[in-house]
Amino acid sequence: MPGSELIGEEEKSAINEIFDNGGMLYRYGFDNPEDSKVYQFEQKIAKYVGCKYAHAVNSGTAALKCAIYGMGIKPGDEVILPAFTFVATAEAVVELGAVPIIADIDTTLTIDTDDIQRLISDKTKLIIPVHMMGGSSNMKTINEIANDYNILVLEDSAQAFGAIYSNKHLGTLGDAGIYSFDYGKTITSGEGGMIVTNNHHIYQKAREYSDHGHEMNQKFPRGKDTRNAPGFNHRMMELQGAIGIAQMSKIDMILSLQRQNFIKIATELYCEDQYIKIRHGYSRYRDQETCDTMIFDLEDASAAQRAAADLITLGMSTKNLPEALSWHFAGYWSHILKNYSIYNVPQLQRKWPIAQAILSRSVAIPVNVKMDTTKTIDAIKKCLTKLT
Ligand SMILES: *Cc1c(COP(=O)(O)O)cnc(C)c1O
């Protein structure tokens, strides 16, 4: 939980500054829009990740929805996404009336590119690779496939803000990307999200959708602004923008401490316990992952359950695997998928056999900025070696 570990004086004074200057909490309430904290936060993010446009909204889920809308996806269009993601990715697709076509994952824990090929149809309009737990999907192959079939790519980089692939920030390799700033992500604004793209049309349409269709027509005051498409209210407020800016002053420190801690733990385990299998961070398409999660690949589901229980007894915590698996694996989402006949099957989990097998036998632990790596290493050795 890197960003949230470091909430402190900087965030507090960023908030106080807003109140000291009149307490304007609404991004469109400024005579000069550039005075808005949300606007400044967008500029910071665009500069940091190296893209032309960034638009802030009030959650990562809203960012997904606005981006998908902005990419022109219509009801009935098919959108390919992986079986391992947070439920939000599927929710955003479903909310817009599009059809979620869910692909299996591979040992990288991200979308299986062969399965993407298998699932493409005439109706496929968009692929959403999800960079889970701070590491990249196989963006090279995904972009090649998308190019061949003329399909758009939206990177769900909610969990990968700060990660680099092929010298580019994750989120900037596809046609658009999104980040989340909820309380568990690399940096946090409490709640918040960002859409990034180099495509002005996508940016414009996503922005309009997030703000009731407002076109921000320069010729008119806001009350007389023009519109030509429906929208909703997914606006970010100034307090979130201010906290986001304060968190951005810590991003380099967050990433470097996290990576240091990850390497410290991994190196120690590799040297002394070769038989602990650490998948994450060592067999992936990475240049630089965020390194906020370490994932262990155990014998089977019951070994994973036991190891997790043992870790908790020692005062450690796990991160989504296994304790929140049902929020992250499509095999548990009949509550939203049952309306689609392809998913109306008795044992939904069997639709994605690789995801089912790998995820149920994995244990993930958070790698924090502030952590006792010695205690963590000891706990891992105690709880995980005895199972292999
Ligand atoms: C957190 C997350 C989201 C949603 O972000 P919120 O800001 O919580 O709405 C979307 N996708 C993934 C993969 C996430 O982890």
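Quick caveat, the model's predicted, so the values are computed rather than measured. (Residues numbered from 1 in each chain as written. Predicted model: local features only at pLDDT ≥ 70, side-chain atom pairs only at ≥ 80, totals over all residues. Heavy atoms only, no water.)

### Considerations on the pattern of salt bridges
Convention followed: Salt bridges are defined by distance alone: a side-chain nitrogen of Lys or Arg within 4 Å of a carboxyl oxygen of Asp or Glu. Numbered from the N terminus, helices here are DSSP runs of H or I no shorter than four residues, and strands are runs of E no shorter than two. Summary of the burial criterion: residues with accessible area below 20% of their type's maximum are buried, those above 50% are exposed, and those between are partly exposed, where the area comes from a 1.4 Å probe applied to protein chains only.
Under the definition given, this model contains 15 salt bridges. Residue lysine 37 pairs with glutamate 17 through a salt bridge whose shortest N-O separation is 3.1 Å. Taken as a pair, lysine 37 in helix H3 (residues 37–49) and glutamate 17 in helix H2 (residues 9–20) lie far apart in primary sequence, 20 residues in all. We classify lysine 37 as buried; its relative accessible area is 15%. Put simply, arginine 222 and aspartate 211 hold a salt bridge, and the shortest N to O gap is 2.8 Å. Here the residue arginine 222 occupies a position in the loop between helix H8 (200–209) and helix H9 (238–248), and aspartate 211 occupies one in the loop between H8 and H9, the gap between them amounting to eleven residues. Each of Glu10, Glu11 and Lys250 takes part in a single network of salt bridges with overlapping partners.

### Considerations on the confidence of the model for the chain
For clarity, the threshold we go by: Confidence scores labelled pLDDT are given residue by residue by the predictor and lie between 0 and 100. Note on definitions: a residue-residue contact is assigned when non-hydrogen atoms from the two residues lie within 4.5 Å.
On average, residues of the chain carry a pLDDT of 93, and 94% of them reach 70 or more. In the predicted structure, residues 280–285 sits below a pLDDT of 50 and forms 27 contacts with residues beyond four places in sequence or in another chain.

### Re the site of the ligand
Basically, it comes down to this: When we say a residue is near a molecule or strand, we mean one of its heavy atoms is within 4 Å of it. Any pair of nitrogen or oxygen atoms within 3.5 Å is treated as a polar contact; in protein, a donor-acceptor pairing is required on top of that, and neighbouring residues in sequence qualify only through side-chain atoms on both sides. Method for areas: the Shrake-Rupley scheme with a 1.4 Å probe, in which residue coverage is limited to the protein chains shown. Throughout, the ten residues Ala, Val, Leu, Ile, Met, Phe, Trp, Tyr, Cys and Pro are labelled nonpolar, Asp, Glu, Lys and Arg are labelled charged, and all others, Gly among them, are labelled polar.
With respect to spatial proximity, 16 residues lie near the ligand, and among them Gly60, Thr61, Ser180, Asp182 and Lys185 are the closest. Here a nitrogen atom of the ligand and a side-chain polar atom of aspartate 156 are 2.9 Å apart. Lysine 185 has a polar side-chain atom sitting 3.2 Å from an oxygen atom of the ligand. Alone, the ligand offers 380 Å² of accessible surface; in the complex the protein occludes 94% of this. Considered class by class, the residues forming the shell around the ligand number five nonpolar, eight polar and three charged.

### A closer look at the packing of aromatic side chains
Put simply, the rule is: Any two rings among Phe, Tyr and Trp, with Trp reduced to its six-membered ring, count as a pair given centres within 6.5 Å; such a pair is stacked if its planes are under 30 degrees apart, edge-to-face if over 60, and tilted if neither. A ring has a charge above it when a Lys NZ or an Arg CZ is no more than 6 Å from the ring centre and no more than 35 degrees off the ring normal.
Tallied over the entire structure, the rule returns eleven aromatic pairs. Between tyrosine 53 and tyrosine 203, the ring centres sit 4.9 Å apart and the planes meet at 15 degrees, which makes this aromatic pair stacked. You can see tyrosine 53 sitting in strand E1 (residues 53–57) and its partner tyrosine 203 sitting in helix H8, a full 150 residues away along the chain. Between phenylalanine 329 and tyrosine 332, the aromatic rings sit 5.9 Å apart at their centres with planes inclined by 80 degrees, giving edge-to-face as the arrangement. Given a relative accessible area of 0%, phenylalanine 329 falls into the buried group. Assessed through its relative accessible area of 36%, tyrosine 332 is described here as partly exposed. These aromatic residues form a ring-pair network of at least three members: Phe41, Tyr48, Phe161, Tyr179 and Phe181. The aromatic ring of phenylalanine 232 is capped on one face by lysine 65, whose charged end is 5.0 Å from the ring centroid.

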